[in-house]
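# Fold and contact review
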Amino acid sequence: MSDAAIVRVRDVMMNTYAMVEGVTTVAEAIGIAKHQQVKALIVNKRDADDEFGIVLMNDIAKNVLAKDRSPKRTNVYEIMTKPALSVSGSMDVRYCARLFERFGVSRAPVIEDGKVLGMVSYNNIVLNGMLRDE
């Protein structure tokens, strides 16, 4: 990335994402993720004062599969991370990468004015953000 051009999260994020409710079963969540071809699910707020959550496929592997829990009897709210670390679409991707490193996350919802715009990951930042001017 050149020093002159700032690449923003909104420039590299994926506009596609899947939203589920906390009471969704893990089995249903896996089906939604497969159908929509996403690697993470955003868990919707219960009300205006709540926060978004997130469930990654590795959360399902670690907390359901590895612990031999039934995906049909486990709800997303039991294994999600909440509040989800989220970023603004106007954030410089360099700061987004630093934030991911500091908190040990690989992807985050992009939220502006309380609404989800998309999802950003290390892959998006590297493949869509680096070397843009070349």
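An unreviewed UniProt entry annotates the protein as CBS domain-containing protein originating from Photobacterium sanguinicancri.

### A closer look at the pairing of strand S5 (residues 115-121)
Judged by how many residues are buried, S5 sits mostly within the fold: five of seven residues are covered. Pairing analysis gives six bridges linking strand S4 (residues 107-112) to S5, with the strands arranged antiparallel. Opposite glutamate 112, over in S5, you have lysine 115 as the bridge partner. Following S4, the chain reverses through two residues before pairing antiparallel with S5; aspartate 113 in that reversal takes a positive phi of roughly 55°.

### A short note on the sheet that holds strand S2 (residues 40-43)
Pairing between sheet strands relies on hydrogen bonds along the backbone, with the strands arranged either parallel or antiparallel. In spatial order, the strands read S1-S2-S3; together these three strands make up an open sheet with mixed pairing. Pairing within the sheet leaves two strands with one partner each, and these edge strands are strand S1 (18-20) and strand S3 (53-56). Strand-to-strand twist of the sheet, defined as the mean angle between neighbouring strand axes without regard to direction, takes the value 35°. Here four bridges tie S2 to S3, and the two strands are oriented antiparallel to one another. Directly across from isoleucine 42, in S3, lies its bridge partner isoleucine 54. Contacts from helix H3 (residues 57-65) reach S2 and S3, with the element oriented near 75° to S3.

### Observations regarding the environment of leucine 65
Relative to the helices and strands, leucine 65 resides in helix H3. Since its relative accessible area comes to 67%, leucine 65 is described here as exposed. Sequence separation of leucine 65 and isoleucine 6 is 59 residues, and the distance between their C-alpha atoms is 41 Å.

### Some remarks on the environment of glutamate 101
In this structure, glutamate 101 sits in helix H4 (residues 93-103). Here the alpha-carbon distance between glutamate 101 and methionine 19, two residues 82 residues apart in the chain, equals 25 Å.

### Notes on the pattern of salt bridges
Under the criterion given, the structure shown has five salt bridges. Taking the shortest distance from any N to any O, the salt bridge between arginine 46 and aspartate 50 comes out at 3.1 Å. Among the residues examined, aspartate 50 registers a relative accessible area of 9% and is labelled buried.

### What about the nonpolar core?
Judged by nonpolar contacts, the single largest core of 14 residues is most densely connected at Leu41, Val43, Val55, Ile60, Val76 and Ile79. It is helix H2 (residues 26-36) that contributes the most residues to this core, three residues altogether. Core analysis: the next-biggest nonpolar cluster, separate from the first, contains 12 residues, Met13, Val93, Val120 and Ile125 among them.

Reading guide: rules and limits
- Along each chain, residue indices are assigned from 1 in the same order as the chain's sequence is written.
- Totals for whole chains, interfaces and linings use every residue, but because this is a predicted model, local features are given only for residues with pLDDT of at least 70 and side-chain atom pairs only at 80 or more, for both listing and counting.
- Only hydrogens and water are removed before side-chain values are computed, so all heavy atoms of the structure are retained for them.
- Throughout this description, buried means an accessible area under 20% of the type-specific maximum (1.4 Å probe, protein chains only), exposed means over 50%, and partly exposed covers the range between.
- Secondary structure counts use DSSP, requiring at least four H or I residues in a row for a helix and at least two E residues in a row for a strand, with both numbered from the N terminus.
- Between any two strands, pairing holds if DSSP finds at least two bridges.
- Each axis is a line fitted through C-alpha atoms, and for a helix only the stretch in contact is used; angles between axes span 0 to 180 degrees, taken between their N-to-C directions.
- Residue contacts are defined here by distance: any two heavy atoms, one from each residue, within 4.5 Å place the two residues in contact.
- What makes a salt bridge here is a side-chain nitrogen of Lys or Arg within 4 Å of a carboxyl oxygen of Asp or Glu, nothing more.
- Only buried residues count toward a nonpolar core. Its members are Ala, Val, Leu, Ile, Met, Phe, Trp, Tyr and Cys residues joined through side-chain atoms within 4.5 Å.

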